[in-house]
Amino acid sequence: MVQTKDESSSKNMEETGLPDPLVLHHSDTPGLILVNTPLDGHNYGQWSRAMRLSLSAKNKLGLIAGTIKAPSSTDAKYPMWKRCNDMVLTWILHSINPDIASSVIFSDTAAAVWSDLKDRFSQGDDSRIYQIRQEIAECRQGQQSVSVYYTKLKALWDELASYLEPVTCECEGMNKLANREEKERVMQFLMGLNDSYSTVRGSILMMNPLPDTRKAHGLILQHERQMEAASRHENLPTSHAMQASCAPATPSPSVHRKPLKCTYCEQEGHLVERCYYIIGFPVGHKWHGKNVKPKNKRPAAHNVELKKVPTNEGPTFTTEEYNQIMAMLRNKNGNEQPLANATGRGYEEDDWPGQAF
């Protein structure tokens, strides 16, 4: 009795618990991109791992592994296999560099393309393990942040573990071996840190038991943030300190407000009512309790402001009238005696209104 297509698919699902790998989902399209970083010839290890995960999730891993063989061209399932094979082949072509894709585009099967790429770009396990161990030994923090340095080191650890066969033994000896490997990773991480972390590194080494790599990374990261906060506080200008003390809430982007400016010290970010030069600097500031003047203020002897006498506080004279009055005062024909005997304050030449001070 010949089985129909639906009966064959149902039997396959009953035996494996998975749907037929030759069945395509409605979301499976030729333009689908399975990995973020295409194969460029130097990242085959990461690329092949990502592709295997994606194809396994779509139940198409057998098409590149060669376990799903091509049926006879007269078989009823051949069109289904051909369709799935072409679909996986287009996924591979979209996930590799165009120069590399041009060299495999004429291959007939996805398994042949996968085998070709592996032969060309895959390194031997031993040579790659040697290269990874060398990179781990030479890995240093340098100008990188703690998170970037740890992430790079962890990626090397994980890739190295992928080349080693997993151990299924759960005896006490294997647990001790795993703890020893974890301790070596902590040592590698601490050795690559910059000298600025020597204090916290010494504290971690004195812990008993020694924390794992995730805990050590968290402690180092916390220390890095504390150093960054202290550095920002030391480099904070005086005007910024006053601005942080009295600045209002951040307005919405659509509202344009005029920046605050103190009329005393002529610095922006605060008003004269909140100027530290007047009300005093807060506790903890390097100028707390000191009588410090802003740069724009000169010594007191040079800061006396001369105020002009308003023109409406006394009578004004024209130049001709002023000259006539001065001529009368200089006249010696008996005009000095009355002025000399007059009571009260006498007027000098410079006391007349209208004279420049």
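In this convention, every chain numbers its residues from 1, walking through the sequence in written order. With pLDDT at 70 or above as the cut-off, local features in this predicted model cover only qualifying residues; side-chain atom pairs require 80 or more to be listed or tallied, and sums for whole chains, interfaces and linings still use all residues. Where side-chain values are given, they derive from all heavy atoms of the structure, hydrogens and water being excluded.

### Quick look at the overall build of the protein chain
Inference 1: Looking only at helices and strands, one finds 15 helices and zero strands in the protein chain.
Inference 2: Burial status across the protein chain gives 25% buried among its 357 residues.
Inference 3: Whether two residues touch is decided by their heavy atoms; if any such pair falls within 4.5 Å, the residues are in contact. The contacts in the protein chain between residues at least 6 apart in sequence include a share of 58% that link residues at least 24 apart.
Inference 4: Note on areas: Shrake-Rupley with a 1.4 Å probe; residue coverage comes only from the protein chains shown. If you sum the accessible surface of the protein chain, you get close to 25800 Å²; carbon and sulfur atoms cover 53% of it. Here a strand is any run of E in DSSP of at least two residues, a helix any run of H or I of at least four, and the numbering for each starts at the N terminus. Exposure classes here rest on a 1.4 Å probe applied to the protein chains alone. A residue is buried below 20% of its type maximum, exposed above 50%, and partly exposed in between.

### Topic: a nonpolar patch on the surface
Inference 1: For patches, a residue must show more than 30% relative accessible area and have no salt bridge; joins then use 9 Å for like charges and 5 Å for nonpolar side chains, namely Val, Leu, Ile, Met, Phe, Trp and Tyr. In the sections that follow, a salt bridge refers to a side-chain nitrogen of Lys or Arg positioned within 4 Å of a carboxyl oxygen of Asp or Glu. Among the surface-exposed residues, M187, M191 and L205 lie close enough to one another that they form a single nonpolar patch of about 290 Å² accessible area.
Inference 2: With respect to the helices, strands and loops of the structure, M187 is situated in helix 9 (residues 172-191).

### Here's the deal with the packing of helix 4 (residues 78-94) against helix 6 (residues 110-121)
Axis angle and axis distance: for two packed helices, these are the angle between their axes and the distance between the axes, and together they describe the pair.
Inference 1: Axis separation between helix 4 and helix 6 bottoms out at 8 Å; the angle between their running directions is 30°. With respect to helix 6, the axis of helix 4 lies roughly parallel. Contacts between helix 4 and helix 6 involve N85, V88, L89 and I92 from the first element and A110, V113, W114 and L117 from the second.
Inference 2: Under the scheme applied here, ten amino acids are nonpolar (Ala, Val, Leu, Ile, Met, Phe, Trp, Tyr, Cys and Pro), four are charged (Asp, Glu, Lys and Arg), and all others, including Gly, are polar. In terms of residue class, the contact of helix 4 with helix 6 is built from seven nonpolar, one polar and no charged. Whenever a helix is involved, its axis is fitted only over the stretch in contact; in every case the axis is a line through C-alpha atoms, and angles between N-to-C directions fall within 0 to 180 degrees. Any angle that falls under 35 degrees is termed roughly parallel, while one over 145 is termed roughly antiparallel, one within 65 to 115 roughly perpendicular, and all others oblique.

### A short note on the packing of aromatic side chains
Inference 1: Each aromatic pair joins two rings of Phe, Tyr and Trp (for Trp, the six-membered one) with centres within 6.5 Å, and gets the label stacked for planes under 30 degrees apart, edge-to-face for over 60, and tilted for any other angle. In this structure the tally under the stated criterion is seven aromatic pairs.
Inference 2: A centroid spacing of 5.3 Å and a plane angle of 25° characterise the contact between W47 and W114, whose relative ring orientation is stacked. Here the residue W47 occupies a position in helix 2 (residues 44-57), and W114 occupies one in helix 6, the gap between them amounting to 67 residues.
Inference 3: Under the relative-accessibility criterion, W47 is labelled buried at 2%.
Inference 4: Between Y276 and F281, the aromatic rings sit 5.6 Å apart at their centres with planes inclined by 65°, giving edge-to-face as the arrangement.
Inference 5: The exposure class assigned to Y276 is buried, which follows from its relative accessible area of 8%.
Inference 6: A relative accessible area of 5% means that F281 is categorised as buried.

### Points about the environment of G62
Inference 1: The topology assignment puts G62 in helix 3 (residues 61-65).
Inference 2: You can call G62 buried: its relative accessible area is 11%.
Inference 3: Separated by 48 residues in the primary sequence, G62 and A110 have C-alpha atoms spaced 9.9 Å apart.
Inference 4: Setting aside its immediate chain neighbours within four residues, G62 contacts T67 and I68.

### With respect to the packing of helix 2 against helix 6
Inference 1: The geometry of helix 2 relative to helix 6 is characterised by a closest axis approach of 11 Å and an angle of 155° between their N-to-C directions. With respect to each other, helix 2 and helix 6 are oriented roughly antiparallel. Between helix 2 and helix 6 the crossing geometry is left-handed. Judged by residue contacts, Y44, W47, S48, M51 and R52 of helix 2 engage W114, L117, K118 and F121 from helix 6.
Inference 2: Partitioned by chemical class, the residues of the contact of helix 2 with helix 6 number six nonpolar, one polar and two charged. Handedness of a helix crossing follows the sense of rotation of the near helix relative to the far helix, less than a right angle counterclockwise being left-handed and clockwise being right-handed.

### Details of the nonpolar core
Buried together is how nonpolar side chains tend to be arranged in soluble globular proteins.
Inference 1: Here, the term nonpolar core denotes a set of buried Ala, Val, Leu, Ile, Met, Phe, Trp, Tyr and Cys residues that are joined through side-chain atoms within 4.5 Å. If you look at the biggest cluster of nonpolar residues, it comprises 29 residues, and the most contacted ones within it are L39, W47, M51, V88, I92, I96 and L117.
Inference 2: Counting residues per element, this core draws most heavily on helix 4, which supplies nine residues.
Inference 3: Dropping the residues within four chain positions of it, L39 is found in contact with Y44, W47, S95, I96, N97, I100, L117 and F121.
Inference 4: In terms of nonpolar packing, the next biggest core, distinct from the first, is built from 20 residues, Y149, V186, L190 and I220 among them.

### Observations regarding helix 8 (residues 146-162)
Inference 1: For helix 8, which comprises 17 residues, the first-to-last C-alpha distance of 24 Å matches the rise-based estimate of 24 Å (1.5 Å per residue) to within 8%.
Inference 2: V146, Y149, Y150, L153, L156, W157, E159 and L160 are the residues of helix 8 that are buried. Every helix has an expected span of 1.5 Å times one less than the residues it contains.

### Some details on unusual backbone geometry
Inference 1: In this model, N208 is joined to P209 through a cis peptide bond whose omega is 5°.
Inference 2: Its place among the elements puts P209 in the loop between helix 10 (198-205) and helix 11 (213-234).
Inference 3: Positive phi is not limited to glycine here, since N59 has a value of about 60°.
Inference 4: Of note, N59 is situated in the loop between helix 2 and helix 3.
Inference 5: Even without being glycine, E266 reaches a positive phi, approximately 60°.
Inference 6: Mapped onto the elements of the fold, E266 is located in the loop between helix 12 (238-246) and helix 13 (276-279).

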